[in-house]
Amino acid sequence: MVDLLQVGVITSTHGIKGEVKVFPTTDDPTRYSYLKDVILDTGKEKIDLKVSGVKYFKQYVIVKFKGINDINDIEKYKGSTLWVTRENAVPLEENEYFIADLIGLKVVTDEGEEFGELTDVMQTGANDVYVVETYKDKQEVLLPVIDECVLDVDLEKGIVTVHIMEGLLD
């Protein structure tokens with residue numbers, strides 16, 4: 001499991017008082033209203049920042065950090081990612097998982113066959129879809145995350161057990 005979870009990417013500055021426009025990479029952008037601490041990853045260093053203000057604008061979140069009060073102090077961080085520690089992450093409901101924890105899991109069928117590796121999760125609105133690269137022929141297979149298809153996710157063992165429904169591989 002990863003220790004840090006990405007919650008956004010700084011796209012640009014906003015105004016001249018050190019605010020930034022953030023594209024949220026979290027299921028619930030309103031979580032920024034409760035966010036106190038973030039880690040700014042510049043690619044070269046990680047900087048701990050305190051959130052002092054949040055506003056919402058279209059699909060973006062406008063964020064103000066404590067101690068950064070000028071556009072010149074924040075402009076250099078455009079394109080940088082924002083992360084939170086697992087302790088500051090949104091609590092998950094039963095049978096909910098962080099995408100970062102799912103990537104790389106082994107996918108096995110309910111018949112015991114080692115099927116492939118989970119490489120991505122697509123969020124479609126109705127239900128998520130697991131993208132699996134098969135071991136056999138390195139093909140990409142899309143598996144809907146529904147009870148009939150995804151039978152079990154065991155993060156400790158690193159295994160997702162699935163039922164390959166009729167017509168899914170055609």
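For the structure, check the block above.
Analysis parameters
Residues numbered from 1 in each chain as written. Predicted model: local features only at pLDDT ≥ 70, side-chain atom pairs only at ≥ 80, totals over all residues. Heavy atoms only, no water. Helix = DSSP H or I, 4+ residues; strand = E, 2+ residues; numbered from the N terminus. Buried < 20%, exposed > 50% of the residue type's maximum accessible area, 1.4 Å probe, protein only. Polar contact = N/O pair within 3.5 Å; in protein donor to acceptor, adjacent residues only side chain to side chain. Contact = heavy atoms within 4.5 Å. Patch = residues over 30% accessible without salt bridge, like charges linked within 9 Å, V, L, I, M, F, W, Y side chains within 5 Å. Areas by Shrake-Rupley, 256 points an atom, 1.4 Å probe, with all protein chains shown as cover. Salt bridge = Lys/Arg side-chain N within 4 Å of Asp/Glu carboxyl O. Lys, Arg positive; Asp, Glu negative; His and termini not counted. Charge placed at Lys NZ, Arg CZ, Asp CG, Glu CD. Pairing = 2+ DSSP bridges. Axes fitted to C-alpha atoms, helices over the stretch in contact; angles between N-to-C directions.

**Brief notes about the side chain of Thr 81**
Now for step 1: Looking at the element boundaries, Thr 81 is found in strand E6 (residues 81-85).
Now for step 2: Classification of Thr 81 by relative accessible area gives buried; the value is 17%.
Now for step 3: A distance of 2.6 Å separates a polar atom in the side chain of Thr 81 from a polar atom in the side chain of Trp 83.
Now for step 4: Not counting residues up to four positions away in its chain, the partners in contact with Thr 81 are Gln 6, Gly 8, Val 9, Ile 39, Leu 40 and Asp 41.

**Section: a negative patch on the surface**
Now for step 1: On the surface, a cluster of negative charge is made up of Asp 27, Asp 28, Glu 93 and Glu 96.
Now for step 2: Position of Glu 93 among the secondary structure elements: in the loop between E6 and helix H2 (99-102).

**Thoughts on the sheet that holds strand E3 (residues 37-41)**
Now for step 1: Reading around the barrel, the 6 strands line up as E1-E2-E5-E4-E3-E6 and close back on themselves, with antiparallel pairing between neighbours. In this sheet, neighbouring strand axes are inclined to one another by 50 degrees on average, regardless of whether the strands run parallel or antiparallel.
Now for step 2: Two elements, strand E1 (residues 4-14) and E6, share 5 bridges in a ladder whose sense is antiparallel. Bridging from a neighbouring strand, Val 9 pairs with Thr 81 of E6.

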